Amino acid sequence: MIAAALKQPALVVALASTLVGCGFSETVEEFGGPAQGSTYSVKYVSGKGVPDKASLKADVEAIFAEVDEQMSTYRDDSLIEQFNRAPAGTCMPMPAGVLQLVQTGNALHRDSGGAFDLTLEPLLDLWGFGPHGNGERVVPDGEALKEVRDRIGQDHLHVDGDRLCKDIDLQVDFNSIAAGYTVDRIITKLVERGVSSYLVEATGELKAVGRKPDGQPWRIALEAPRDDQRAIQRVLELDGYGISTSGDYRNYFEEQGVRYSHTLDPLTAAPIQHNLAAVTVAAPTALMADGLSTMLLVLGPEKGWEYAEREGIAAFFVTREGDGFVTRSTATFEQLFAAGGKK
C-alpha cells in the first residue's frame, strides 16, 4: 500500500444511483475496491465504444499495482524503499512516474520556502506516524529530533537524467502526492479506452470530467472537519478539476492536553500547531491539488491564505475558532464554484 492513514479521505462523493432506462442510451457504471491503505472508486458513463466494466477495472488495478511496486514505503521491495535503504551519494535509475513526483515535489518545496518536503519519512517514524516506526505516538526527545533532522531535507534530493540521487542518508515518502498522481494515471487510461465522462477517486483525492447521461454534473461533498462525526459542509459541482482536502482532524494524538497532528512542518520538525483545520484545493490535475493542499495546510491560515490568493489557487480554508470553525475561500475558488456549489 502507498499510504496507511497518513492522509485520511476528507471528501464524500455524492452521486445518484446508476441510471438505467429513463430514455437514456448511456448508463453510469461504477466499480472500486481497496487501494493504497484505503479505497478507490471509479464512476463513468458507459456507452458505445466503451469497454466492459471488468476490462476497465483490470486496467485500473494494474495501475495501482505498478504505483505500489514503484512508490510504496510499506513494502521493502518497492523501488523507492530500495533507494531509501541505499547510502548517501547513491544514484539509482527510476521510472518516469517516480521522477515526475520528485520534480513536482521539488517545485512545491521551492515555492513554499521548504514547507513541503518529500524526505520526512524518518521524522514521521519518530513521531509515530510513519511506516517504519514502532507505532508509539509520543513527543520525541530533543536528541532524537536532532539526529533525525540531520537526515531530512529535499535540497539533498535531485534528478540526474533518469536517475534519482541523494547527497545524504535521506528517505523519500510520496504519501503527500502519490494518490493524486494515481488518480491522474487512471484518468489517462480511461480516456485511452474511450471514456469521456467520469469521476475517479482514490483515498479521498479525486477528479471529475463531463456530465452524467441526464445532463447533471458530477457532485462531491466536502466534509466538515470534525472527528466525532461525518457532516457535509459544502457541495461542489466538478468538471475538469482535481480536488484534494488535507486536514489534521482524523490522524493525531494528544499528550498533556496538546494535540499533535500527523501533518509535520519540515521547518520545525514537529506537527503543525496553528489553527488551520483543513484546506481543500481544486486544480487542473489531481496531483497538483494533492500537493498544494498539503503545502497550504503546513503553511497555515495566514501564510497559506496569502500564498493561495497571490498565486490564484482555488482553495477553501477551514479554521478553528473557539469551539467552532470559520471558513473562507479564495477568489479563484469562488469563481470556479459560485454557480451551484453551496450547501
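None of these values were measured; they are calculated from a predicted model.

Q: Hey, could you run me through the overall build of the protein chain in this one?
A: For the protein chain, the count of helices and strands is eight helices and 18 strands. Sorting the 343 residues of the protein chain into buried and exposed places 55% on the buried side. In the protein chain, once contacts between residues fewer than 6 apart in sequence are set aside, the share between residues at least 24 apart is 64%. Accessible area of the protein chain: about 14200 Å², with a carbon and sulfur share of 48%.

Q: Would you mind showing me how to read the sheet that holds strand β7 (residues 198-202) here?
A: Strands belonging to one sheet form pairs held by backbone hydrogen bonds; the direction of such a pair is parallel or antiparallel. Pairing within the open sheet is antiparallel, and its eight strands lie in the order β2-β3-β7-β8-β11-β16-β17-β18. Looking at which strands have only one partner, the edges of the open sheet turn out to be β2 (27-35) and β18 (324-329). Pairs of neighbouring strands in the sheet enclose a mean axial angle of 15°, with direction left out of account. Pairing between strand β8 (residues 205-209) and strand β11 (residues 241-247): three bridges, direction antiparallel. Within the sheet, the bridge partner assigned to Ala208 lies in β11 and is Tyr241. Packed onto the sheet, helix α1 (residues 53-71) meets β2, β3 (38-46) and β7 and runs at close to 35° relative to β2. Its contacts with the sheet put helix α7 (residues 286-311) on β8, β11, β16 (276-283), β17 (314-321) and β18, and the angle it makes with β16 is roughly 130°.

Q: I tried to follow the state of the cysteines on my own but got confused; where do I start?
A: Summed over all chains, the structure comprises one disulfide. One disulfide in the model links Cys91 with Cys165; its S-S distance is 2.1 Å. In this structure the cystine formed by Cys91 and Cys165 twists about its S-S bond by roughly 115°; its chirality is therefore right-handed. In this pair, Cys91 sits in strand β4 (residues 91-93) while Cys165 sits in strand β6 (residues 163-166), placing the two residues 74 residues apart along the sequence. By relative accessible area, which is 1% here, Cys165 ends up buried.

Q: How do you make sense of the UniProt feature "binding site: Mg(2+)" (unreviewed entry) in the protein chain when you look at a structure like this?
A: UniProt records the feature "binding site: Mg(2+)" (unreviewed entry) for Ser176, Asp290 and Thr294 in the present numbering. Annotated residues spanning 119 residues; largest pairwise C-alpha distance 6.8 Å, indicating a single compact cluster. You can see Ser176 is positioned in the loop between β6 and α6 (178-192). Relative to the helices and strands, Thr294 is located in helix α7. Judged by relative accessible area, Thr294 falls into the buried class, the value being 14%.

Q: Is there a simple way to explain the environment of Pro217 in this structure?
A: Looking at the secondary structure, you find Pro217 in the loop between β8 and β9 (218-223). In sequence terms Pro217 and Leu236 are 19 residues apart; their C-alpha atoms lie 9.5 Å from each other. Ignoring anything within four residues of it in the chain, the contact list for Pro217 reads Arg211, Lys212 and Glu237.

Q: I tried to follow the pattern of salt bridges on my own but got confused; where do I start?
A: A side chain with one charge can pair with a side chain of the opposite charge if their charged atoms come near. Tallied over the full model, the rule gives 14 salt bridges. The salt bridge partner of Glu66 is Arg185, with a shortest N-O separation of 2.9 Å. Taken as a pair, Glu66 in helix α1 and Arg185 in helix α6 lie far apart in primary sequence, 119 residues in all. Taking relative accessible area as the criterion, Glu66 reaches 31% and is therefore assigned partly exposed.

Q: Explanation requested: unusual backbone geometry in the structure shown.
A: Across residues other than glycine, the phi torsion is negative in most instances, and most of the peptide bonds are trans. Residues other than glycine seldom take positive phi values, yet Gln36 does so here, at roughly 50°. Tracing the chain through its elements places Gln36 in the loop between β2 and β3. Owing to a relative accessible area of 8%, Gln36 belongs among the buried residues under this scheme. You will see that Thr203, though not glycine, has its phi angle at about 50°, which is positive. Tracing the backbone shows Thr203 in the loop between β7 and β8.

Q: How should I be thinking about the environment of Ala62 in this particular structure?
A: By the secondary structure assignment, Ala62 is in helix α1. Judged by relative accessible area, Ala62 falls into the partly exposed class, the value being 44%. Separated by 124 residues in the primary sequence, Ala62 and Ile186 place their C-alpha atoms 9.6 Å from one another.

Criteria and cut-off values
Residues numbered from 1 in each chain as written. Predicted model: local features only at pLDDT ≥ 70, side-chain atom pairs only at ≥ 80, totals over all residues. Heavy atoms only, no water. Helix = DSSP H or I, 4+ residues; strand = E, 2+ residues; numbered from the N terminus. Buried < 20%, exposed > 50% of the residue type's maximum accessible area, 1.4 Å probe, protein only. Contact = heavy atoms within 4.5 Å. Areas by Shrake-Rupley, 256 points an atom, 1.4 Å probe, with all protein chains shown as cover. Pairing = 2+ DSSP bridges. Axes fitted to C-alpha atoms, helices over the stretch in contact; angles between N-to-C directions. Disulfide = S-S within 2.5 Å. UniProt positions renumbered as here; feature names shortened; annotations may be inferred. Salt bridge = Lys/Arg side-chain N within 4 Å of Asp/Glu carboxyl O.

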